[in-house]
Each structure stands twice: as C-alpha cells, then as structure tokens.
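If you want the building blocks of each chain, they are given just below.
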Amino acid sequence: MKFEDMFLELKDLSDKIESVEDLDLKVEYYEKIKDLSLKCKKYLESKKNILEL
Amino acid sequence: MQSISVSELVSRIKVVLEFNPSLKDICVSGEVSNLRNSKYLFFSLKDDFCKINCVCFDSSLKVENNSLVKAFGYLSFNKKSGGVSFIINKVERVSKSLIYERFLKTKEKLEKKGYFEGKKSLPLYPEKIGVVASRESDALKDVLSVLSRRFPCADVFLKHTSVQGFGSVRSICNALSFLDEKVDIILIVRGGGSYEDLDVFNSEELARVIFGVKTPVVSGVGHESDFTICDFVCDVRAATPSAAAEVCSPKKIVLLSEINSLVSAAKYFLRKDIDSKINFLDMNNRICKESLRGEFNNKIGEIDIIFESLKVYDKNFVLSKGYSISLKDGKVLKSAKKGDEVLIVTHKKDFRSVIV
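Residues numbered from 1 in each chain as written. Chains lettered and ligands numbered in written order. Predicted model: local features only at pLDDT ≥ 70, side-chain atom pairs only at ≥ 80, totals over all residues. Heavy atoms only, no water.

## Here we look at the sheet that holds strand β6 (residues 128-133) of chain B
Okay, step 1: If you walk across this open sheet you meet the six strands as β1(A)-β7(B)-β6(B)-β8(B)-β9(B)-β10(B), and the pairing is parallel. The outermost strands of the open sheet, each flanked by one partner alone, are β1 (50-52) of chain A together with β10 (236-237) of chain B.
Okay, step 2: For β6 of chain B and strand β7 (residues 155-160) of chain B, the ladder comprises six bridges, and the chain directions are parallel. When the sheet's bridge partners are listed, G130 of chain B is paired in β7 of chain B with F157 of chain B. (Pairing = 2+ DSSP bridges. Helix = DSSP H or I, 4+ residues; strand = E, 2+ residues; numbered from the N terminus.)

And the structure:
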C-alpha cells in the first residue's frame, strides 16, 4: 500500500471515529488507526535510495 | 628590488587608471546583466569573453537586463576593494540581445500553441522522485540535501545530463522521456549561470518534450531572477534547485506530528465514548439499587402491618390483655367434670386448680 493511500485512509478513519456511535465499530476503527499510523511512521522513518539510472 | 606597500601600489594603479587620457570619457558597447536597482544602478557590461562592473549614480537612466547598450563614462579604482568600476553617466540602448530576442519569440510562439496551459497538479507525497541534473552539480547536492531533510523516505532516481553546451538539449530531453511514468514527479535542476549558460533551457525541442510527458515536472533552473522557456512550460516553476526540492516534498516532521495528532484524537474519542458508557451503566446501577431499596422498604412496611395484625392471634398478647387459658393434660380445656385437675395459664403465672 502506498504511503499516500495509507495516510488518506488514516485521515478518513479519524473523521469517522468521531461520528460513529457504535462502540464496537469505534474500537475497530481505533485498531485500524493504530495499525495505519505505525505503518505510516515506519515508512517516514525509512531511508531513501539514490539511484543513478 | 625595493618593496612597496599595498597602499603605494594601489595609489599608483589609481593614478594610471584615472589619469590615463585613453580611459577618460570612453564609450563602451556591451550587454547589460546582473542589474541591481537600489539608490544607484549596479550592473555588469559584458561581451562574449569579458565583463566589467558598472555603477550609474543616476538611477533614472533606463537600463534593462540583457539589452545591448552604449555606455559613456570613466574608470574609477576603489582603493578599499581594489576593484575597478566603470562609472556611467549616459546610456544609449542599441537593442535587446539576440538570445533575449529569440527567447521572446519562442515564448510568444509556444504561448499561442497553448504550451503554458493545462498544468498538472503535483503529487502530495511522491515516493519516487526523478531528478534531471548533472551528477557533479551543486544544484543536485542542494536538491538531495533538501530531500534528505524534508522527506528522506522518497526514492530519488537521478538521470545525469549535461546542462550546458552542445548536445545538452538532446540529453535533457532523453532523460525526461526515460523518467516519464517511472517516477511520481520529475525535477529539472541547474544552478545559476549567465543568460547564455541557461539558454539550453530556452529550447523549443525541450519545451515540446516537457509538454508531452505525463509525469508532473518542476523546473528549478538558475536563480530567482532567471526565467527560461522551461520555467513557463513546466507544471511548477521554482526559483532555485533547492526551492524545486521543497515544492515537491512534504515535511516529514510535520507529517509525523499530524499522525500523532490523529492517533491522539482517535484515542480521545474512544475514551470519551467508553467513559460515557461507563457513566451510563453506573447511573443505571444506582437507579436499580435505589429502586430495589425502595421496594424492599415497602415490603418491610407491609410485613410490619401484617405482623401487627397477626399479634391478636399471639397467645402471649391475648394473655397480656388479662385472659387465661385452662389446660388439662397439656391440651386446651374444652369441657371438664368435678374433680378434674387443670392448669390455668395467665400472663404472669400459672395456677394448678381443681374443678369443684
């Protein structure tokens, strides 16, 4: 999954968790947010490659 | 040989330069460049091989970058800096330079063809950044430095090209075509130089290739004041190579902070919901307890009433009212005959008696 897709989904879930009323769904969103945030951070902390073509 | 001081040398040069009749009241033809307009006009006059710094104390004189002029004045030697300046008191414009004239014509032509329209939007988080630059250039170093600071997670694909002189237009065009659709964004970068040095980026052929590629292209050629055809055709024009790298890269530190904020907000909303559910359960629990307690007390009251009403059937209660019970052989006496022994039970004391 691309960083942009992960980050946009993270933002989307963050909007949803505020409005959803079902507690089970809220917990599910929270778990996904935690998971995506870790993946996004891992990507951001990774080192770049400089390749000459 | 006897040595002289620097001051002595500088004084001698000043005399030679400023009192030489062939350097007084001279007229110089050249192209204006690096014009800076402050209280006075500062610029350079140049030809294909040389240039000289010029100062014009009359800032109302009309001087434009890249124009060919005839300048009238005299030479001045600055003792402090050791520099020679051409002090200009009159300027006659001859024409715009040929390069500049061609630039204007190309710009007009491409503008009419719509090459400067239909800009592509840049990706927000490019993971693959293509860079068209000379591998030894400071421009490339600047770009890599900015990218490693702002968005080090992106992969950078360098396509080395010559950016000046014969064959460089073809080289840049090939690099662009090669990188197209292999990367998310392409940067064309080159450090500052003279207008002639940057003329490669005024090429119509290059403009056609930039316009044709599907990947967004950012131009970072020369300095802030340099404009080339490449700047106009590219999707975004950045003032310098560093600025081009900044334009295409989000700040890692800002993204990390945003991610932390999103997680904190999610945690807050979840905690808030759980707390509200717990409060709801606590409240219900309290209400249930109070309701049960009330019901229990009512039942107790009812039992008390029943208990009170049952008292009349209690033997001791009846005896306490002054009644007695006669027992014969441990059973309530219902009939008796003369001589029977009976036990009379009262509230306080029992009596044995005989029926007479």
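Continuing now.
## Focus: the environment of V84 of chain B
Okay, step 1: The residue V84 of chain B is located in strand β5 (residues 83-96) in this model.
Okay, step 2: Sequence separation between V84 of chain B and C54 of chain B is 30 residues, and the spatial gap between their C-alpha atoms is 8.8 Å.

## Description of the layout of surface pockets
Residues and elements named next belong to chain B.
Okay, step 1: Considered as a void within the structure, the largest pocket measures approximately 430 Å³ in volume.
Okay, step 2: Lining the largest pocket we find 18 residues, and of these N65, N66, Y195, S225 and D226 sit closest to its centre.
Okay, step 3: Among the elements of the structure, β1 (26-37) and α2 (98-112) are those that each provide at least two residues to the lining of the largest pocket.
Okay, step 4: A breakdown of the residues in the lining of the largest pocket according to their chemical character gives six nonpolar, eight polar and four charged.
Okay, step 5: Along the walls of the second largest pocket sit 15 residues, with E31, K46, D47, D48 and E196 positioned nearest its centre.
Okay, step 6: Broken down by secondary-structure element, the contributors of at least two residues to the lining of the second largest pocket are β1 and α2.
Okay, step 7: At three residues, β1 tops the list of elements feeding residues into the lining of the second largest pocket.
Okay, step 8: Looking at the lining of the second largest pocket residue by residue, the class counts come to five nonpolar, four polar and six charged. (1 Å grid on protein atoms, 1.4 Å probe; cavity = no way out; pocket = protein on both sides within 12 Å on 5 of 7 lines; lining within 4 Å. Points joined across faces, edges and corners; volume = space filled by probe spheres on them. Nonpolar A, V, L, I, M, F, W, Y, C, P; charged D, E, K, R; others polar.)

## Here we look at the packing of aromatic side chains
Okay, step 1: The full count for this structure, using the stated rule, is 12 aromatic pairs over all chains.
Okay, step 2: Ring-pair connections join several aromatic residues into one group, and the members of that group are F3, F7 and Y43 of chain A together with Y125 and F151 of chain B.
Okay, step 3: Between the NZ or CZ atom of K90 of chain B and the centre of the ring of F72 of chain B, over which it lies, the distance is 4.8 Å.
Okay, step 4: The lysine or arginine in question, K159 of chain B, covers the ring of F178 of chain B, its NZ or CZ lying 4.2 Å from the ring centre. (Phe/Tyr/Trp six-rings, centres within 6.5 Å; stacked < 30°, edge-to-face > 60°. Lys NZ or Arg CZ within 6 Å of the ring centre and 35° of its normal.)

## Some remarks on the pattern of salt bridges
Any two side chains of opposite charge can pair, so long as their charged atoms come close to each other.
Residues and elements named next belong to chain B.
Okay, step 1: Taken as a whole and judged by the stated rule, the model has 23 salt bridges over all chains.
Okay, step 2: With a closest N to O distance of 3.9 Å, E136 and R135 form a salt bridge.
Okay, step 3: For R135, a relative accessible area of 40% corresponds to the partly exposed category.
Okay, step 4: Residues K141 and D138 are paired through a salt bridge, measuring 3.7 Å at the closest nitrogen-oxygen approach. (Salt bridge = Lys/Arg side-chain N within 4 Å of Asp/Glu carboxyl O. Buried < 20%, exposed > 50% of the residue type's maximum accessible area, 1.4 Å probe, protein only.)

## Considerations on the nonpolar core
Okay, step 1: Core analysis: the biggest nonpolar cluster contains 45 residues, and L44 of chain A together with V131 of chain B have the highest contact counts within it.
Okay, step 2: Put simply, the parts of the chain that give this core at least two residues each are α1 (3-19) and α2 (23-45) of chain A together with β6, α3 (138-150), β7, β8 (185-190), α7 (241-248) and α8 (252-310) of chain B.
Okay, step 3: Among the elements that take part in this core, α8 of chain B stands out by supplying eight residues, more than any other.
Okay, step 4: With sequence-adjacent residues up to four places away left out, V131 of chain B is seen in contact with L140, V143, V156, F157, L158, K159, L179, L187 and V189 of chain B. (Core = buried A, V, L, I, M, F, W, Y, C linked by side-chain atoms within 4.5 Å. Contact = heavy atoms within 4.5 Å.)

## Points about the packing of α1 of chain A against α2 of chain A
All names here are of chain A.
Okay, step 1: At their nearest, the axes of α1 and α2 sit 9 Å apart, and the two run at 150 degrees to each other. Taken together, the axis directions place α1 and α2 in an arrangement best described as roughly antiparallel. The way α1 lies across α2 gives a crossing that is left-handed. When α1 is examined against α2, the residues F3, M6, F7, E9, L10, L13, S14, K16, I17 and E18 are found in contact with a partner set consisting of K26, Y29, Y30, K32, I33, L36, S37, K39, C40, Y43 and L44.
Okay, step 2: Of the residues that constitute the contact of α1 with α2, the class distribution is 13 nonpolar, two polar and six charged. (Axes fitted to C-alpha atoms, helices over the stretch in contact; angles between N-to-C directions. Parallel < 35°, antiparallel > 145°, perpendicular 65-115°, else oblique. Left-handed = near helix turned anticlockwise from the far one by under 90°.)

## Considerations on the sheet that holds strand β11 (residues 325-328) of chain B
Strand-to-strand pairing in sheets goes through backbone hydrogen bonds, with the strands running parallel or antiparallel.
Residues and elements named next belong to chain B.
Okay, step 1: Strand order in the open sheet made by the four strands is β12-β11-β13-β14, with antiparallel pairing throughout. Each having just a single partner strand, β12 (331-332) and β14 (350-354) make up the two edges of the open sheet.
Okay, step 2: Here two bridges tie β11 to β12, and the two strands are oriented antiparallel to one another. Bridge pairing links K328 to K331 in β12.

## Observations regarding the interface of chain A and chain B
Accessible area lost on assembly of the parts is the figure often given for the size of an interface.
Okay, step 1: In this assembly, 29 residues from chain A lie in contact with 33 residues from chain B.
Okay, step 2: The largest per-residue losses of area from chain A upon contact with chain B belong to L44, K48 and L53 of chain A, which jointly make up 21% of the total buried on that side.
Okay, step 3: In this assembly, chain A and chain B are joined by three salt bridges.
Okay, step 4: With a shortest N-O distance of 3.1 Å, K252 of chain B and E45 of chain A are connected by a salt bridge.
Okay, step 5: Where chain A touches chain B, the interface holds five residue pairs in polar contact (both at pLDDT 80 or more).
Okay, step 6: Contributions of two or more residues to the side of chain A that touches chain B are made by α1, α2 and β1 of chain A. (Buried area = accessible area lost by both parts, 1.4 Å probe. Polar contact = N/O pair within 3.5 Å; in protein donor to acceptor, adjacent residues only side chain to side chain.)

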